[in-house]
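Fold and geometry: a report
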Amino acid sequence: EPEVTQTPSHQVTQMGQEVILRCVPISNHLYFYWYRQILGQKVEFLVSFYNNEISEKSEIFDDQFSVERPDGSNFTLKIRSTKLEDSAMYFCASSLGTEVTEAFFGQGTRLTVV
Amino acid sequence: AQSVTQLDSHVSVSEGTPVLLRCNYSSSYSPSLFWYVQHPNKGLQLLLKYTSAATLVKGINGFEAEFKKSETSFHLTKPSAHMSDAAEYFCVVSDWVSGNTPLVFGKGTRLSVIA
């Protein structure tokens, strides 16, 4: 069964450092997403990506964040200068985007900023 | 704007007894509703979805949910809990317009199953 894979599963970084979270979406999917879940809080939408550009983003997704699909298979989330409050579980997802198809999620990357 | 309220943060049941995980939603349009499950160290897996067809939706692993518009509810049930059902469950709503439309998650309900 096809699945979304994320690497690494856990990333520890120092405050102020740049971090890149990586995702390989399902190969025939067209829409890609990042969500995050701060410990004890809801899973929150960050950004959706379609046709090589951002199509929707939330208020959380400020200038510190960027996404990229560099090679047609990977989908990355970059945080330029991490803050303590960026510590969270980050989920990548992908979907076909036709009608109401479900989003398929990866297992998540736990980011810890120290 | 959509929102989801999962009424219980933690539910504990005995193996073989029924499971009820409660979810209420708020939506401006005709919503699509989902239940996702997350087992430890696993991704979010779709259990079932409601998309304006039958109001009683059957999902994987014996779970089902009933869409009740008058009560704005989408509770998840299972007749008989199994140890492998222990996980975190998320109720999700979407006013689906296109593939860009974000999913809105509830806070999650942790289900414990006691032997």
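Rules used in this analysis
- Residues numbered from 1 in each chain as written.
- Chains lettered and ligands numbered in written order.
- Predicted model: local features only at pLDDT ≥ 70, side-chain atom pairs only at ≥ 80, totals over all residues.
- Heavy atoms only, no water.
- Helix = DSSP H or I, 4+ residues; strand = E, 2+ residues; numbered from the N terminus.
- Rg over C-alpha atoms; globule rule 2.2 N^0.38 Å.
- Buried < 20%, exposed > 50% of the residue type's maximum accessible area, 1.4 Å probe, protein only.
- Contact = heavy atoms within 4.5 Å.
- Areas by Shrake-Rupley, 256 points an atom, 1.4 Å probe, with all protein chains shown as cover.
- Polar contact = N/O pair within 3.5 Å; in protein donor to acceptor, adjacent residues only side chain to side chain.
- Buried area = accessible area lost by both parts, 1.4 Å probe.
- Salt bridge = Lys/Arg side-chain N within 4 Å of Asp/Glu carboxyl O.
- Nonpolar A, V, L, I, M, F, W, Y, C, P; charged D, E, K, R; others polar.

What to know about the overall build of chain A
In terms of regular secondary structure, chain A is built from zero helices and 11 strands. A globule of 114 residues ought to have a C-alpha radius of gyration of about 13 Å, and chain A, at 13 Å, matches this closely. Its C-alpha atoms put chain A at 40 × 25 × 25 Å along the principal axes. Each of the 114 residues in chain A was classed as buried or not, and the buried ones make up 46%. Of the contacts formed within chain A by residues at least 6 apart in sequence, a portion of 54% connects residues at least 24 apart. When the accessible surface of chain A is totalled, it reaches about 5800 Å², and 46% of it is carbon and sulfur.

Digging into the side chain of Gln37 of chain A
Tracing the sequence through the fold places Gln37 of chain A in strand S4 (residues 31-37). The class of Gln37 of chain A is buried, set by a relative accessible area of 15%. Among the polar contacts listed, one links the side chain of Gln37 of chain A to the backbone oxygen of Gln41 of chain A, at a separation of 3.1 Å. Those residues in contact with Gln37 of chain A that lie beyond four places of it in its chain are Lys42, Val43, Ala88, Met89 and Phe91 of chain A together with Phe90 of chain B.

Some details on unusual backbone geometry
Residue Pro8 of chain A is bonded to the preceding Thr7 of chain A through a cis peptide linkage, with omega at -10°. Along the chain, Pro8 of chain A turns up in the loop between strand S1 (5-7) and strand S2 (10-13). Of note in the backbone geometry, Asn52 of chain A takes a positive phi value of approximately 65° without being a glycine. Within the element layout of this structure, Asn52 of chain A appears in the loop between strand S5 (43-50) and strand S6 (53-57). Even without being glycine, Asn61 of chain B reaches a positive phi, approximately 60°. In this fold, Asn61 of chain B is placed in the loop between strand S7 (56-58) and strand S8 (64-68).

What to know about the interface of chain B and chain A
Between chain B and chain A, the residue contacts involve 21 residues of the former and 24 residues of the latter. For the pair chain B and chain A, the summed buried surface comes to about 1900 Å²; carbon and sulfur atoms form 60% of the total. Inspection of the region where chain B meets chain A yields zero salt bridges. Along the contact surface separating chain B from chain A lie four residue pairs in polar contact (both at pLDDT 80 or more). Of all the secondary structure elements, the ones that give two or more residues to the side of chain B that touches chain A are strand S5 (32-38) and strand S6 (44-50) of chain B. Tallied by class, the residues present in the side of chain B that touches chain A amount to 10 nonpolar, eight polar and three charged.

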